[in-house]
Amino acid sequence: MSEEFEIRNKVAESGLINFDLTTLLPKGERKGIDLKDFLWQEMILKEKDFREKVDAIDTEQYKDTYVYIYNSVDTIIPLWAYFVLTAKITDAAKKVVFGNREDLEVILMHNAIQTHDFEEMRGKRVLVKGCSDKEIPENAYIELVEQLKPIVKSLMFGEACSNVPIIKN
């Protein structure tokens, strides 16, 4: 094939780094614990009953999972109850947080972004992938910009064929 008809991948030749935030998503099952299941008539926390229910938890079901603790009923939960429940499952779970599933995902992505080594992107043109089949918390994009802005030559968002320039250093 002659050079004039050679098919070239100009994106690959550009030195552009394509970065997919989903690669930072921690792998593992997510499980929620609803505190209403530990309440008397789903309304009142009785310490003795609560402690018995927590003691009865088979922690094996939380082994290597990401756990979020929430309360789906309108009742006051004393702070010590979170301590007791967390102390029971923390040795089995990878991470335990208070909040809903979305809160868990925000915290997991925060930790992943803060601990990731972005040095390979120093002085490079970086394109952050815009479309994904996995849900990424919006806050992750904000934190990613904070990490990349001081080190990259340029930052773009979207796809190689259609992107939005964010910064140029």
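See the structure shown above.
To start, this report covers the structure provided alongside it. Fair warning: this is a prediction, and the values are worked out from it, not measured in the lab.

**Comments concerning the overall build of the chain**
And then number 1: Within the chain, the secondary structure is distributed over five helices and seven strands.
And then number 2: Sequence-ordered secondary structure for the chain, helices as α and strands as β, is α-β-β-α-β-α-β-α-β-α-β-β.
And then number 3: For the chain, whose C-alpha radius of gyration is 23 Å, the value lies well above the compact-globule estimate of 15 Å for 169 residues.
And then number 4: In the chain, which comprises 169 residues, the proportion classed as buried is 35%.
And then number 5: Pairs at least 24 residues apart make up 78% of the contacts formed inside the chain by residues separated by at least 6 positions.
And then number 6: Accessible surface, the chain: about 10,900 Å² in total, of which carbon and sulfur atoms supply 51%.

**Describing the packing of aromatic side chains**
The relative placement of two aromatic rings is captured by the distance of their centres and the angle of their planes.
And then number 1: Scanning the model with the defined rule gives six aromatic pairs in all.
And then number 2: Between the aromatic rings of Tyr-141 and Phe-157, the centroid separation amounts to 5.8 Å while the plane-to-plane angle is 90°, which identifies the pairing as edge-to-face. One end of the pair, Tyr-141, is in helix 5 (residues 138-148); the other, Phe-157, is in strand 6 (residues 154-159), with 16 residues separating them in the sequence.
And then number 3: Assessed through its relative accessible area of 24%, Tyr-141 is described here as partly exposed.
And then number 4: Clustering of aromatic rings is evident, with ring pairs tying together Phe-38, Phe-50 and Trp-80.
And then number 5: In this structure, Lys-31 packs its charged tip against the face of Tyr-62, placed 5.6 Å from the ring centre.
And then number 6: In this structure, Lys-46 is placed above the aromatic ring of Trp-40, and the distance from its NZ or CZ to the ring centre is 4.2 Å.

**Section: the pairing of strand 6**
Along a regular strand, successive side chains alternate from one face of the sheet to the other.
And then number 1: In this structure, strand 5 (residues 125-129) lies alongside strand 6, joined through five bridges in parallel fashion. Across the sheet, the residue bridging to Arg-125 is Ser-154, located in strand 6.
And then number 2: In this fold, the crossover linking strand 5 to strand 6 by way of helix 5 has right-handed handedness.
And then number 3: With six bridges joining them, strand 6 and strand 7 (residues 162-168) adopt antiparallel strand pairing. Of the residues in strand 7, the one forming a bridge with Leu-155 is Ile-167.
And then number 4: Counting the residues in the hairpin turn of strand 6 and strand 7 gives two residues.

**So, the sheet that holds strand 4 (residues 95-98)**
And then number 1: Here we have three strands laid out as an open sheet, ordered 2-3-4, and parallel in their pairing. Since the sheet does not close on itself, it has two edges, and those belong to strand 2 (30-34) and strand 4, each with one partner. If you compare each strand with its neighbour and ignore which way they point, the axes differ by 20° on average.
And then number 2: Where strand 2 lies against strand 3 (residues 66-70), five bridges are found, and the strand directions are parallel. Each residue of the ladder has a partner; that of Ile-33, found in strand 3, is Ile-69.
And then number 3: Where helix 3 (residues 79-89) meets the sheet, its contacts fall on strand 2, strand 3 and strand 4, and the angle it forms with strand 3 comes to roughly 160°.
And then number 4: Along the sheet, helix 4 (residues 101-115) makes contact with strand 2, strand 3 and strand 4, crossing strand 4 at roughly 130°.

**Some thoughts on helix 3**
And then number 1: Taken residue by residue, helix 3 has Ala-81, Tyr-82, Val-84, Leu-85 and Ile-89 as its buried positions. The buried residues of helix 3 all sit within an arc of 165° when viewed along its axis, so they share a single face. With respect to the buried face of helix 3, the exposed residues turned more than 90 degrees away are Leu-79, Phe-83 and Ala-87.
And then number 2: Considering only its buried residues, helix 3 is in contact with strand 2, helix 2 (47-55), strand 3 and strand 4.

Analysis parameters
- Residues numbered from 1 in each chain as written.
- Predicted model: local features only at pLDDT ≥ 70, side-chain atom pairs only at ≥ 80, totals over all residues.
- Heavy atoms only, no water.
- Helix = DSSP H or I, 4+ residues; strand = E, 2+ residues; numbered from the N terminus.
- Rg over C-alpha atoms; globule rule 2.2 N^0.38 Å.
- Buried < 20%, exposed > 50% of the residue type's maximum accessible area, 1.4 Å probe, protein only.
- Contact = heavy atoms within 4.5 Å.
- Areas by Shrake-Rupley, 256 points an atom, 1.4 Å probe, with all protein chains shown as cover.
- Phe/Tyr/Trp six-rings, centres within 6.5 Å; stacked < 30°, edge-to-face > 60°.
- Lys NZ or Arg CZ within 6 Å of the ring centre and 35° of its normal.
- Pairing = 2+ DSSP bridges.
- Right-handed = clockwise from strand over helix to strand, strands pointing away.
- Axes fitted to C-alpha atoms, helices over the stretch in contact; angles between N-to-C directions.
- Arc of directions from axis to C-beta.

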